[in-house]
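Structural characterization, general
Read off the chains here:
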Amino acid sequence: MPANSPGWEGVPPSTKAGRTDVFAGIGDTPLVELDFLDEIPDGVRLFAKLESANPGGSIKDRPVARMLSAAMRDGHLDGDRRLLDSSSGNAGIAYAMLGAALDIPVTLVVPGNASRERLQRIRAHGAELILTDPIEGYDHALRESQRLAAEQPERYWHCDQYSNEENWRAHYDGTGAELLAQVGEVAGSAPDAFVAGVGTGGTITGAGHRLREANPELHITCVIPDVFPGIEGLKPLGAPDDIVPAILHEDLIDERIDVRMEQATAICRRLSQAGLFVGPSSGAYVHAALQVAATGRYPVVATILSDGGERYSSTGMWDR
Amino acid sequence: MSSVIVRIPTPLRGFAEGQSEIAAEGADVGAVLSAVGAAHPELLARVMKDDGQPREFVNIYLGSDNVRTLDGMDTPVGEGDVLSILPAVAGGAE
């Protein structure tokens, strides 16, 4: 999506080196066909968007750019007010990167076990980090950001990617529209199935709506990680205390497929042998997409490769 | 044998009757976790593999040190030490 696309009206003309270029680099990511995976039956094609091509290295650049633009347009960040949100890392990097480009002060509440690579990059862009006790999990960081925003409204504007409608709209106008155009060009039709997971719910809601408008028979599969250790960026959506994102349109989901971390990383290693270096959520999506493809009921299956594998080096994921 | 506190992360508390901490005894990290697992097998299955090593993306901390940087599950523990079970990634937001 170019920098002057609808939805980014709030971004001012460039007055700082690199500003326009950073925004212009977001979206329009490559579409790859995973035709080297043997499980895909004849007559079925599996496509994926390579979101590590975004300047922040993940799909999170899309919603964050859109939310920041809307916040600037609406005057939420006037004066010295800081943008505040919680993140497990990828959104934090996007906030920090774009905040630096736009001279917006950024404060991020992040669990202390976010990978070292993520924390390094967030700090490199100059954002303020508030680390929460990792034993209390991600939802604790989210509640802490809500508490800070409520207690200090003059200091913080809570962007809140979990309830910000601009989040899913970025995927409706961007990710979903691009999938339609790119898959249509290569396969000659809209996807018959779409596979994604839920973190904030932005991707599955936005892209899901867009793709189902084009194909009312679209089958939407939601990837569910195991409760522990979980999969970076994905919510299990099962425990009674889990926060369910306000922007998630759960009625879009036709099917849920459980994926364990070991299954996700096994796919990541296979993809790396084909030149695609991606993180565990991408592996989980492809693992589930292969199950959807194996049914033979959906000739064109689409999914997302959310981020790159470099971001997980410190976890030991690639130590073999 | 030393008495050790094991801190339980929120996603696993449902497999430990809601407890955030469990006291257990053992001479090393592996023994302490096995003692916890004897009372809470579903918890242990999510932390350790059948070979007694931590699952992929599971870290065990002794104080502030990841036991992978010490002697792994053979790392000796002392009276009053604190073990924490943590996922290697923060999770939560896509």
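Please refer to the structure placed before this passage.
Below or above, wherever it landed, is the structure these notes cover. (Residues numbered from 1 in each chain as written. Chains lettered and ligands numbered in written order. Predicted model: local features only at pLDDT ≥ 70, side-chain atom pairs only at ≥ 80, totals over all residues.)

Digging into helix H8 (residues 261-273) of chain A
Residue and element names in this part refer to chain A.
- Across its 13 residues, H8 extends 19 Å between first and last C-alpha, which sits within 8% of the 18 Å expected from 1.5 Å per residue.
- Where H8 is concerned, the buried positions are Met261, Ala264, Thr265, Ile267, Cys268 and Leu271. Here the buried residues of H8 occupy an arc of 155 degrees about the axis, which is enough to place them on one side.
- The inward-facing, buried residues of H8 contact strand E9 (255-259) and helix H9 (280-294). (Helix = DSSP H or I, 4+ residues; strand = E, 2+ residues; numbered from the N terminus. Expected span 1.5 Å × (residues − 1). Buried ≥ 20, exposed ≤ 12 C-beta atoms within 10 Å, placed from the backbone. Arc of directions from axis to C-beta. Contact = placed C-beta atoms within 7 Å.)

Details of the pairing of strand E7 (residues 193-197) of chain A
All names here are of chain A.
- Burial of E7 is extensive: five of the five residues sit out of reach of the surface.
- In this sheet, strand E8 (residues 219-225) lies alongside E7 in parallel orientation, the contact comprising five bridges. In the strand pairing of E8, Phe194 is matched with Ile220.
- Viewed along the sheet, the connection from E7 through helix H7 (residues 202-214) into E8 turns out right-handed.
- Of the strand pairs in this sheet, E7 and strand E10 (residues 300-305) are connected by three bridges, and their pairing is parallel. Across the sheet, the residue bridging to Val195 is Thr303, located in E10. (Pairing = 2+ DSSP bridges. Right-handed = clockwise from strand over helix to strand, strands pointing away.)

What about the environment of Leu37(A)?
All names here are of chain A.
- With respect to the helices, strands and loops of the structure, Leu37 is situated in the loop between strand E1 (31-33) and strand E2 (45-50).
- Looking at Leu37, the number of C-beta atoms within 10 Å reads 16, which means it is partly exposed.
- On a C-alpha basis, the gap between Leu37 and Arg270 in space is 8.6 Å, while along the polypeptide they are 233 residues apart.
- Apart from the residues lying within four places of it in its own chain, the contact partners of Leu37 are Leu46 and Leu290.

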